[in-house]
Amino acid sequence: MTVAVVLFLWVIVIALGLVAIMRSRALFRSGFKAGAVDFLRLLPRLTIGVFGSGFIAEVMPQELIALWLGPDSGLAGTLIASAAGALTPGGPMIGFAIGVAALKSGASAPQVIAYVTAWALFALHRVFLWELPMMPARIVWLRVIASLPLPFLAAWIAMLAGRP
Amino acid sequence: MASSRRPGPLDWSTGLILLLVAVAMAIVYVRDGSGKFLEILSSDAWLFATMLPNLLAGCLVGAFISLLLPREVVNRWVGSESGLTGILIASVAGAILPGGPFTIYPVAGALAVMGADFGAIVALITSWSLLGYSRALVWELPFFGVDFVGWRVLLAVPLPIVAGLLARPIGRALGWKAGEP
């Protein structure tokens, strides 16, 4: 699956590259150069981010975070779940692993949905290490502000739907 | 990508995280010994190696898009006059664009510099975060199973549109114009 996603991504790169080279060689060269420069510029952060996440996740008390997510899916419970989501560091496995642990230890589904949603939207390490270096800063903050209600909305919709 | 206002390779936020990482590394080493330390290091190294091609691809896609996509097209589809349609287009694009954060942020950054509307950019990133299939299939599904993930994603479908619609008045209240870095 992962391989398929990577392949699809490179198919897009090759297609864009072909379109560029058909227009002019210079266009292709400047696109390739700009992309490579961005890549090199981001490399130090990626190194810190990936190697750091593994160690921070190891040190972090995962059971404790899972405990925060109780059966209470009221406003306070959802607020705690959202804050926990924003503060959860680590790669894609960590947030989902904690969510599943919480679900197994009796947390309500809307709360876990709020947690996973907040983590997907606001995980602080992702905002600082990856989003800010790659995008204009004010758009990053605008996005964060505009997304603040979403974990609550997600929990609320889940409660209304009575699913999952 | 916004090359005009980009922090250098090391700024205060990176420094802070670097400090956190150093503390975490020290704790693991002292608490769990060098065996565990090396185990984490090698699994991180593997993850790092698998991410490199994605990051390179993401940067190239962002760079080529900003060169190839005519400004008029960006303006018409996701520009400041694009209304709800722009937000819908961005939401669909975010859900189908492959790859990790290394793809979406360079592309969104490129679109932002080219004059795309705030609401559309916010919808793009929100949609990728909540509906993106690559993360859901590769990471979320093995943990939560089809039922939970299916409902989670289905119930999240309106959320990128909400975020996009909220972003517009907020950006306007702050006096921002699309396309300014």
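If you're wondering where the values come from, they're calculated on a predicted model, not measured in any experiment. (Residues numbered from 1 in each chain as written. Chains lettered and ligands numbered in written order. Predicted model: local features only at pLDDT ≥ 70, side-chain atom pairs only at ≥ 80, totals over all residues.)

**Describing the environment of alanine 108 of chain B**
Worth spelling out the cut-off: Helix and strand definitions here come from DSSP, where helices need a minimum of 4 consecutive H or I residues and strands a minimum of 2 consecutive E residues; each element is numbered from the N-terminal end.
Looking at the element boundaries, alanine 108 of chain B is found in helix α4 (residues 101–113). Along the backbone, alanine 108 of chain B and isoleucine 125 of chain B are 17 residues apart, and their C-alpha atoms lie at a distance of 7.4 Å.

**Topic: helix α8 (residues 137–147) of chain A**
Applied cut-off: Every C-beta atom is placed from the backbone, and the number of other C-beta atoms within 10 Å of a residue's own sets its class: buried at 20 or more, exposed at 12 or fewer, partly exposed in between. Throughout, the arc means the angular range of directions from the helix axis out to the C-beta atoms. Once C-beta atoms have been placed from the backbone, residue pairs whose C-beta atoms lie within 7 Å are recorded as contacts.
Every buried residue belonging to α8 of chain A is among Ile139, Val140, Leu142, Arg143, Ala146 and Ser147 of chain A, and all of these are buried. All buried residues of α8 of chain A lie within an arc of 165° about the axis, which places them on one face of the element. Looking at the buried positions of α8 of chain A, the neighbouring elements they touch are α6 (109–122), α7 (124–134) and α9 (150–161) of chain A together with α4, α5 (118–131) and α7 (159–173) of chain B.

**Observations concerning the domain arrangement of chain A**
Residue and element names in this part refer to chain A. Selection rule: As annotated, the domain borders come from an automatic or database domain assignment. Three classes are used, and their members are as follows: Ala, Val, Leu, Ile, Met, Phe, Trp, Tyr, Cys and Pro are nonpolar, Asp, Glu, Lys and Arg are charged, and the others, Gly among them, are polar.
Domain boundaries in chain A define domain 1 (1–59) and domain 2 (61–164). Taking only C-alpha atoms, the centre of domain 1 and the centre of domain 2 are 28 Å apart. Counting from both sides, the interface comprises seven residues of domain 1 and, opposite them, nine residues of domain 2. Looking at the side of domain 1 that touches domain 2 residue by residue, the class counts come to four nonpolar, two polar and one charged.

**Topic: the domain arrangement of chain B**
Put simply, an interface is often sized by how much accessible area is lost when its parts join up. Each assigned domain of chain B is listed here: domain 1 (8–52) and domain 2 (69–173). A straight line from the C-alpha centre of domain 1 of chain B to that of domain 2 of chain B covers 30 Å.

**A closer look at the interface of chain A and chain B**
On the side of chain B, 75 residues touch chain A, which itself brings 74 residues to the contact. Broken down by secondary-structure element, the contributors of at least two residues to the side of chain A that touches chain B are α1 (2–23), α2 (25–59), α5 (92–104), α6, α7, α8 and α9 of chain A. Top element by residues in the side of chain A that touches chain B is α2 of chain A. It accounts for 23 residues. Across the side of chain A that touches chain B, the residue classes break down as 53 nonpolar, 12 polar and nine charged.

**Thoughts on the packing of helix α4 (residues 75–87) of chain A against α6 of chain A**
Residue and element names in this part refer to chain A. To be explicit about the condition: Here, axes are lines fitted to C-alpha atoms. For helices the fit covers the stretch in contact, and angles between N-to-C directions go from 0 to 180 degrees. If you view the pair so one helix is near and one far, a crossing is left-handed when the near helix is turned anticlockwise from the far one by less than a right angle, and right-handed when it is turned clockwise.
Contact geometry for α4 and α6: axes closest at 7 Å, N-to-C directions at 35°. Every pair of crossing elements has a handedness; the one defined by α4 and α6 is right-handed. Contacts between α4 and α6 involve Gly77, Thr78, Ala81, Ser82, Ala84, Gly85 and Ala86 from the first element and Gln111, Ala114, Tyr115, Val116, Ala118, Trp119 and Phe122 from the second. Its residues assigned to classes, the contact of α4 with α6 comprises nine nonpolar, five polar and no charged.

**Topic: the nonpolar core**
This is how the line gets drawn: Here, a nonpolar core means buried Ala, Val, Leu, Ile, Met, Phe, Trp, Tyr and Cys residues linked by C-beta atoms lying within 7 Å of one another.
One finds Tyr115 and Ala154 of chain A together with Ala108, Leu111, Ile121, Val122 and Leu124 of chain B to be the most contacted residues of the largest nonpolar core, which totals 102 residues. Contact partners of alanine 154 of chain A, with chain neighbours within four places excluded, come to Ile113, Ala114 and Thr117 of chain A together with Leu155, Ala156 and Leu159 of chain B.

**Thoughts on the packing of α5 of chain B against α7 of chain B**
Residue and element names in this part refer to chain B. So the rule is basically this: When an angle is under 35 degrees it counts as roughly parallel; over 145 it counts as roughly antiparallel; between 65 and 115 it counts as roughly perpendicular; any other value is oblique.
Where α5 contacts α7, the two axes come as close as 8 Å, and the packing angle between them is 150°. Judged on the interaxial angle alone, α7 and α5 are roughly antiparallel. Between α5 and α7 the crossing geometry is right-handed. Along the contact surface, α5 presents Phe118, Gly119, Ala120, Val122, Ala123, Thr126, Ser127, Leu130 and Leu131, while α7 presents Leu159, Pro160, Ile161, Ala163, Gly164, Leu165, Ala167, Arg168 and Gly171. Looking at the contact of α5 with α7 residue by residue, the classes come out as 12 nonpolar, five polar and one charged.

**Side note on the environment of arginine 29 of chain A**
Tracing the backbone through its elements, the reader meets arginine 29 of chain A in helix α2. A C-alpha to C-alpha distance of 9.4 Å links arginine 29 of chain A and glycine 17 of chain A, two positions 12 residues apart in sequence.

**Remarks on the environment of threonine 88 of chain A**
Residue and element names in this part refer to chain A. Considering the arrangement of structural elements, one finds threonine 88 in the loop between α4 and α5. Sequence separation between threonine 88 and alanine 34 is 54 residues; the distance between their C-alpha atoms is 33 Å. Those residues within four positions of threonine 88 in sequence are excluded, and the remaining contacts are Ile65, Ile94, Gly95, Ile98, Trp119 and Ala123.

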